[in-house]
Amino acid sequence: DQQVKQNSPSLSVQEGRISILNCDYTNSMFDYFLWYKKYPAEGPTFLISISSIKDKNEDGRFTVFLNKSAKHLSLHIVPSQPGDSAVYFCAGGARYSSNTGKLIFGQGTTLQVKP
Amino acid sequence: DAGITQSPRHKVTETGTPVTLRCHQTENHRYMYWYRQDPGHGLRLIHYSYGVKDTDKGEVSDGYSVSRSKTEDFLLTLESATSSQTSVYFCAIRGGLEGNQPQHFGDGTRLSIL
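The present account deals with the structure reproduced in this document.

### Structural notes on the overall build of chain B
A count of helical and extended segments in chain B gives 0 helices and 11 strands. Ordered by position in the sequence, the α and β elements of chain B form the string β-β-β-β-β-β-β-β-β-β-β. Since a compact globule built from 114 residues should have a radius of gyration of about 13 Å, the 13 Å found for chain B is in line with a globular shape. Counting only C-alpha atoms and orienting by the principal axes, one finds that chain B spans roughly 40 × 30 × 25 Å. For chain B, with 114 residues in total, the buried portion stands at 48%.

### Section: the environment of A:Thr63
Residue and element names in this part refer to chain A. Mapped onto the elements, Thr63 comes out in strand β7 (residues 62–67). Considered as a pair, Thr63 and Asn22 are 41 residues apart in the sequence and their alpha carbons are 12 Å apart. Once residues lying within four places of it in the same chain are set aside, the contact partners of Thr63 are Ile48, Lys56, Asn57, Glu58, Ser74, Leu75 and His76.

### Considering the sheet that holds strand β3 (residues 19–25) of chain A
The pairing of strands in a sheet comes from backbone hydrogen bonds and takes either a parallel or an antiparallel form. All names here are of chain A. If you walk across this open sheet you meet the 5 strands as β1-β3-β8-β7-β6, and the pairing is antiparallel. Whereas interior strands pair on both sides, the edge strands pair on one side only; in this sheet they are β1 (4–5) and β6 (56–59). With 2 bridges connecting them, β1 and β3 associate as antiparallel partners. In the sheet register, Val4 faces β3, and the bridge partner there is Tyr25.

### Some points on unusual backbone geometry
A negative phi angle is the norm for most residues apart from glycine, just as the trans form is the norm for most peptide bonds. Backbone torsion omega between A:Val78 and A:Pro79 reads -10°, so that peptide bond is classified as cis. Relative to the helices and strands, A:Pro79 is located in the loop between β8 (72–77) and β9 (86–93). Even without being glycine, B:Asn28 reaches a positive phi, approximately 60°. Structurally, B:Asn28 can be placed in the loop between β3 (19–25) and β4 (31–38).

Calculation notes
Residues numbered from 1 in each chain as written. Chains lettered and ligands numbered in written order. Predicted model: local features only at pLDDT ≥ 70, side-chain atom pairs only at ≥ 80, totals over all residues. Heavy atoms only, no water. Helix = DSSP H or I, 4+ residues; strand = E, 2+ residues; numbered from the N terminus. Rg over C-alpha atoms; globule rule 2.2 N^0.38 Å. Buried < 20%, exposed > 50% of the residue type's maximum accessible area, 1.4 Å probe, protein only. Contact = heavy atoms within 4.5 Å. Pairing = 2+ DSSP bridges.

Laid out in structure tokens, this is it:
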């Protein structure tokens, strides 16, 4: 049972355009979500998060949208840059059921931004 | 960057041998985690620790054990390695009291079991 799904294994966009990465979840207990970026041979790096009480969180070029009724979140990158080319993971956590900080990750989406 | 060091960075070993991976942090964080990353599965939690000598299982804990005798070190042991444990292993740490604080990851250990 995959509680967090990223159904698109890969995405290719032109530099300067918008990149939209999608994530679906099934666990209604998740109350916060995070996005991580991963370059080859490095560990994942935290990018942005959102609490379930919000529907949008913005940090510079990165915006995460949450649709709780659809159990769907998306990460928008505007404008996309070649340095954004990486694997992106979404993750869900349930803070109020446990303070352990355990996360469930999706499979990842490889983003390629072409110059 | 969070002060996390994983060692070794690469290891090749044979089936049936014991293997220990080390995660060392300099942040004095309470929570530490071990994940494995495999194609098509993303990152899956193996074990985690919420303090010295306090550990618990994650979603894929079979075949793995952990120990945390000091705040800064979290060890992952494969008692008898199998080929299915070939993977990239990541350690993560988390500070703060709130469960929604982000985890910060080390650069991983690539483990190959022949």
